[in-house]
Amino acid sequence: MAAAIVFAIISLSTLCLTDTQNVGFSVELIHRDSIKSPFYNPFETTFDRVTNAFRRSFSRVHRFYPNSITTTEANPDIIVNTGEYLMNISLGTPSFSVVALADTGSDLIWTQCSPCSQCFKQDAPLFDPTKSSTYRKMSCSSNSCENIQGGTCASPTDTSCIYSVTYGDNSFSKGDIAYDTLTLGSTTGQAVVLPDTIIGCGNNNAGTFSGKASGIIGLGGGEISLINQLGSPINGKFSYCLLPMTQIGKSSKMNFGSNAIVSGPGTVSTPLIEKSPTTFYFLTLKAISVGTQRIEFKGSSFGTDEGNIVIDSGTTLTLLPSDFYSQLESAMDSQFNGIRAQRPQGFNLCYVAIHEFEAPEVTLHFANADVKLKTLNTFVKVDDSTACFAFSPAQNIAIYDCKIFNRSEAEAPSRVGNQNKGVQWQDIADIQVAGTYLVGVESI
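Residues numbered from 1 in each chain as written. Predicted model: local features only at pLDDT ≥ 70, side-chain atom pairs only at ≥ 80, totals over all residues. Heavy atoms only, no water.

For the chain, the name recorded in an unreviewed UniProt entry is Peptidase A1 domain-containing protein, with Gossypium anomalum as its organism. The UniProt entry for the chain carries this comment under Sequence similarities (unreviewed entry): "Belongs to the peptidase A1 family." (UniProt positions renumbered as here; feature names shortened; annotations may be inferred.)

Here it is, written out as structure tokens:
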């Protein structure tokens, strides 16, 4: 099975990023339930996949609680193996390909390395840094080492930088912080080369990690995330285009630089709020409307005013404080004449959906931006006859899922990206099926 998750990036040409360039390129994102994914299970039903995705959402939410967030750690506690999308990258010279979970909720790029004192069993070979001519360890006296979670000197006699990351379920990764060449295979076939990328080379990793992926690619807002290490050539811009789960034979895209620009008719923009931890992308939610009924949002554990909700790619539900969610559910149920269905475990509001139905329009009122969601954005089909509300209560936390499932192959994807300190949505109803959005998240 190793060939399914590790492969060399072969290209007739390469693009080496420098600070003087202004470039645009796209790479492949693979949903974990896609036929292209090493996680793909052909025996799972649609309900199995949706249920598992929702369970991962609730596991993932632990990272966002205030008691998991500190100002001294660049990467707060998270639950591992909860990412929804995978990326193929190559490390070293010559390049060695790995598959890792793409995660907008963390910063560090790390993979298991050989030799390994304690590693979880993975299907693919381990990256061996001794075989890379461009690999070099980071000094623990560098500022970058100080900004990495658990960054410290290896020993009194070894001044190389090491890291230690402990996740919310007590899984952990420990190893060396180093510089090496990172290569991204673009969708055009031209490899994008990023020299001297900061990576974690894990040689002591254990817990609930899956052997079908070898690490994590941090896409958060922190200093050492892939986004910020790509630097000025992409001008802080990134986006991702997420296809529906029904298109299991196709891949989504992550766009960088000029390829990530969101513009045109119907575009709205809301600012990102700078606050700790810098890993997370904070927005300001003012209210949510169901039809004409507007429900004011009074805040969450993130705050009562600015920066009261996080936008995240790894959850498949929009999670809201319990009291607020109750008002939202009541408003939806009172305005919708659908037939209530028995709700599967983990879901709160479900309707009979033997045929297509139209629920009341939901509008998210962000600062300076109203984002209108159609039925395909607010309900998810869990089986052939049942659709459930894609919002859920989560104590006092607020996380906006920017990729609510699209449910037919004709539907257009959602897109989220980084563009000059703000988040942008573009209604693309005139381009493809109504109700889907191009979304852009701007860099901090």
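Having seen the model, we can carry on.
Caption draft 1: View of the environment of aspartate 176. Looking at where aspartate 176 falls in the secondary structure, it is placed in strand 9 (residues 172-185). The buried category is assigned to aspartate 176, whose relative accessible area is 14%. Note: C-alpha distance between aspartate 176 and methionine 138 (38 residues apart in sequence) is 8.0 Å. The residues contacting aspartate 176, other than those within four sequence positions of it, are Tyr135, Lys137, Cys161, Ile162, Tyr163, Ile199, Gly200, Cys201 and Asn203. (Helix = DSSP H or I, 4+ residues; strand = E, 2+ residues; numbered from the N terminus. Buried < 20%, exposed > 50% of the residue type's maximum accessible area, 1.4 Å probe, protein only. Contact = heavy atoms within 4.5 Å.)

Caption draft 2: Spotlight on the sheet that holds strand 17 (residues 293-296). Across the sheet, 4 strands lie side by side as 17-16-21-22; this open sheet has antiparallel pairing. Both outer strands of the open sheet, strand 17 and strand 22 (369-373), are each paired with one neighbouring strand and no more. The average undirected angle you get between the axes of adjacent strands in this sheet is 20°. Both strand 21 (residues 362-366) and strand 22 contribute to a ladder of 5 bridges, which runs antiparallel. (Pairing = 2+ DSSP bridges. Axes fitted to C-alpha atoms, helices over the stretch in contact; angles between N-to-C directions.)

Caption draft 3: Just the confidence of the model for the chain, in detail. Across the chain, the average pLDDT comes to 75, with 70% of residues at or above 70. Contacts for the low-pLDDT stretch residues 1-13, under 50 throughout, to residues beyond four places or in other chains number 30 contacts. Scored below 50 in pLDDT, residues 65-83 shows 65 contacts in the model against residues more than four places distant or in partner chains. (pLDDT = per-residue confidence, 0-100.)

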